[in-house]
Amino acid sequence: QVQLVESGGGLVQPGGSLRLSCAASGFTFSSYAMSWYRQAPGKERELVAVISSVGGSTNYADSVKGRFTISRDNAKNTVYLQMNSLKPEDTAVYYCNAVSPFVTENYWGQGTQVTVSS
């Protein structure tokens, strides 16, 4: 049974930091590219960051470049999103996503709420 379980969300003041985690199980984690997406109220889900299966390649949305860092620990089947210098516009539900080689399988977590507010 495939599971992606996000954690680490919460309420933080502008300028603060949070680290999201996504624990994966039920598939060969080290073979999958992993991503973080987010969806704010009334908006479409958007890609925030992606990391290749072995972690050698990362890409970020322009809105988070220089502030967010995606990483993974294949020994722990976990992907992380370190979020620094948070802004109110970063408020959203953040989702973990796993995509298999050749994009034959696509899994989602249940999401974790991040709220940036004073």
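Attention here is on the structure that accompanies the text. Numbering of residues starts from 1 in each chain and follows the order in which that chain's sequence is written. Confidence filtering applies because this is a predicted model: local features only for residues at pLDDT of at least 70, side-chain atom pairs given and counted only at 80 or more, and all residues used for totals across whole chains, interfaces and linings. For the side-chain quantities, the full set of heavy atoms in the structure was used; hydrogens and water were omitted.

**Topic: the pairing of strand 9 (residues 92–99)**
At step 1: Burial classes: relative accessible area under 20% of the type maximum marks a residue as buried, over 50% as exposed, and values in between as partly exposed (1.4 Å probe, protein chains only). Think of it this way: any DSSP run of H or I at least four residues long counts as a helix, any run of E at least two long counts as a strand, and we number them from the N terminus. By the criterion of burial, strand 9 is predominantly enclosed, with 7 of the 8 residues buried.
At step 2: Two strands pair under a simple rule: DSSP has to find at least two bridges between them. In the sheet, strand 4 (residues 33–39) pairs with strand 9 via 7 bridges, with the strands oriented antiparallel. What sits directly across from W36, in strand 9, is C96.
At step 3: Sheet topology note: the strand 9/strand 11 (residues 112–116) ladder contains 3 bridges and is antiparallel. Across the sheet, the residue bridging to A92 is V114, located in strand 11.
At step 4: In the sheet, strand 9 pairs with strand 10 (residues 106–108) via 3 bridges, with the strands oriented antiparallel. Bridged to V99 within strand 10 is N106.
At step 5: Here strand 9 hands over to strand 10 after 6 residues, with F102 in that stretch at a positive phi of 65 degrees.

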